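Summary of structural features
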Amino acid sequence: MKTRLITAGIAAAFAIAIMVLSEFFPWVLIAAVCVVGCMMSFEFLTAKRMHKDVFILIMSVGFVVSSVILSITNFWFVPLYVYTLVLMCVQVLRHEKHSISDLLFVYAGTILIGLALLCFTRLACVQWKFASFFVCVAVVPPWFADSAAYFVGSAMGKRKLCPAISPKKTVEGAIGGAIASILGSQLLGLVYQFIIYRNVIVNYPALLLIGMFSAIVSVFGDLVFSLIKRECKIKDYGSIMPGHGGMLDRFDSIIFTVPFALFISYTMGLIWQIPVITV
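Now for a quick tour of the structure. (Residues numbered from 1 in each chain as written. Predicted model: local features only at pLDDT ≥ 70, side-chain atom pairs only at ≥ 80, totals over all residues. Heavy atoms only, no water.)

Overview of the packing of helix H6 (residues 131-156) against helix H8 (residues 204-232)
This is how it is decided: Whenever a helix is involved, its axis is fitted only over the stretch in contact; in every case the axis is a line through C-alpha atoms, and angles between N-to-C directions fall within 0 to 180 degrees. Secondary structure is summarised from DSSP: a helix means a run of H or I of at least four residues, a strand means a run of E of at least two, and numbering begins at the N terminus for each. Should an angle fall under 35 degrees it is taken as roughly parallel, and over 145 as roughly antiparallel, whereas 65 to 115 is taken as roughly perpendicular and any remaining angle as oblique. If you view the pair so one helix is near and one far, a crossing is left-handed when the near helix is turned anticlockwise from the far one by less than a right angle, and right-handed when it is turned clockwise. Note on contacts: a residue pair is in contact if any heavy atoms of the two residues lie within 4.5 Å. Gly is put with the polar residues, along with every residue not named as nonpolar or charged; the nonpolar set is Ala, Val, Leu, Ile, Met, Phe, Trp, Tyr, Cys and Pro, and the charged set is Asp, Glu, Lys and Arg.
Put simply, H6 and H8 touch, their axes get as near as 8 Å, and they point 55° apart. One way to sum up the angle between H6 and H8 is to call them oblique. The chirality of how H6 crosses H8 is right-handed. Between H6, through Phe133, Val137, Pro141, Pro142, Ala145 and Asp146, and H8, the contact on the second element is made entirely by Leu207, Ile210, Gly211, Ser214, Ser218 and Asp222. Looking at the contact of H6 with H8, its residues break down into 7 nonpolar, 3 polar and 2 charged.

Okay, structure coming up:
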């Protein structure tokens with residue numbers, strides 16, 4: 001647990017630095033998301049040793065990076081089309097090298113990662129001057145849920161949630177995570193409205209919806225990637241974050257929650273600046 005906390009502290013320091021810089025230099029956030037995307041894509045391919053195929057590795061990482069870079073343009077769909085077209089065509093020509101099931105494994109996982117990071121970048125780009133707020137909207141609820149589930153489950157977990165897939169997850173931990181996700185979403189709004197920005201109005205009902213959705217979906221997202229690990233006979237996707245595993249182990253739940261956060265941001269709005277009236 002000590003290693004897990006130290007790693008979390010270091011990661012939080014890096015994340016805060018990136019969020020602060022991103023409000024002044026937007027390219028910092030895009031570059032950081034690209035790096036994270038490369039790691040996640042590589043880790044996913046490594047699960048089935050598909051990273052050894054240099055062409056598939058380059059195509060998959062290239063799709064994720066280009067999706068992030070083009071996410072704020074009208075051409076966000078181009079990487080998806082090109083990746084799908086090229087990967088399928090090449091598979092026809094190289095069908096002896098990889099089975100269609102292996103190809104679909106690569107395709108589905110890479111698309112999930114790429115589109116999630118696309119949504120993440122678009123969410124942060126809604127209003128650059130509030131970039132750190134939107135980043136927190138994407139990561140705080142699911143990460144609060146994950147952390148609370150771990151600590152509550154370790155302290156008082158008795159009933160297994162899904163032992164066939166993830167033996168350590170408990171019903172008590174899931175309930176604690178759900179409460180933490182909802183409270184975290186509201187705490188996030190309070191911190192940004194009254195401490196960080198002050199001259200803004202935050203949409204708390206919208207944040208509540210995101211917190212409630214994340215409370216449920218983040219658990220299933222984590223279980224989906226746990227099931228993949230079990231099928232691939234691996235413990236973690238990587239070891240870059242001691243105590244947590246790989247980058248994909250840390251971001252797996254966010255993959256399924258960030259599109260909803262983007263949807264709520266577009267339809268309901270999350271934050272508005274109070275206009276300054278001068279006399």
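What to know about empty space enclosed by the protein
Empty space among the atoms becomes visible once a probe the size of a water molecule is rolled across them. The condition is simple: Definitions used for this entry: grid spacing 1 Å over protein atoms alone; cavity, a set of points where a 1.4 Å probe fits but cannot get out; pocket, an open set with protein on both sides within 12 Å along at least 5 of 7 lines; lining residue, one with an atom within 4 Å of a point. Grid points are joined across faces, edges and corners, and a volume is the space filled by probe spheres set on the points.
If you walk through the whole model with that rule in mind, you get 1 cavity of 30 Å³ or more. Lining the largest cavity we find Phe55, Ile56, Leu87, Val90, Gln91, Arg94 and Leu103. Those elements that place two or more of their residues in the lining of the largest cavity are helix H3 (54-69) and helix H4 (78-93).

Topic: H3
Filter applied, for reference: To estimate the expected span of a helix, subtract one from its residue number and multiply by 1.5 Å. Accessibility here uses a 1.4 Å probe with only protein chains present; expressed as a share of the type maximum, an area under 20% marks a residue as buried, one over 50% as exposed, and anything in between as partly exposed. Between N or O atoms, a polar contact is any pair within 3.5 Å; within protein, one atom must be a potential hydrogen donor and the other a potential acceptor, and residues adjacent in sequence are included only when both atoms are from side chains.
An ideal rise of 1.5 Å per residue puts 22 Å on 16 residues; H3 measures up with 22 Å between its terminal C-alpha atoms. Listing the buried residues of H3 in full gives Ile56, Leu57, Met59, Ser60, Val61, Phe63, Val64, Val65, Ser67 and Val68. For H3, the elements touching its buried residues are helix H2 (26-47), H4 and helix H5 (100-124). Put simply, Asp53 is the residue that caps the front of H3, since its side-chain oxygen is 3.1 Å from the backbone nitrogen of Phe55.

Some remarks on the layout of surface pockets
Roughly 1,300 Å³ of internal volume is contained in the largest pocket. Along the wall of the largest pocket there are 49 residues; nearest its centre are Ala11, Ala12, Ala15, Val139 and Trp143. Elements that contribute at least two residues to the lining of the largest pocket include exactly helix H1 (2-22), H2, H5, H6, helix H7 (171-196) and helix H9 (247-267). Ranked by the residues each element gives to the lining of the largest pocket, the list is headed by H1, at 13 residues.

Focus on the packing of aromatic side chains
Within a pair of aromatic rings, the relevant descriptors are the distance that separates the centres and the angle that separates the planes. Test applied: A pair of Phe, Tyr and Trp rings is counted when the ring centres sit within 6.5 Å of each other, with Trp represented by its six-membered ring. The angle between the planes then sorts it: under 30 degrees is stacked, over 60 is edge-to-face, the rest tilted.
This structure, assessed with the given rule, holds 15 aromatic pairs. On the basis of an interplanar angle of 55° and a centroid distance of 6.5 Å, the ring pair of Phe25 and Trp27 is categorised as tilted. Judged by relative accessible area, Phe25 falls into the partly exposed class, the value being 41%. On the basis of relative accessibility, which here comes to 59%, the residue Trp27 falls in the exposed class. Following the ring pairs from residue to residue traces out a cluster consisting of Phe130, Phe133, Phe134, Tyr192 and Tyr197.

So yeah, pure geometry; function would need other evidence.
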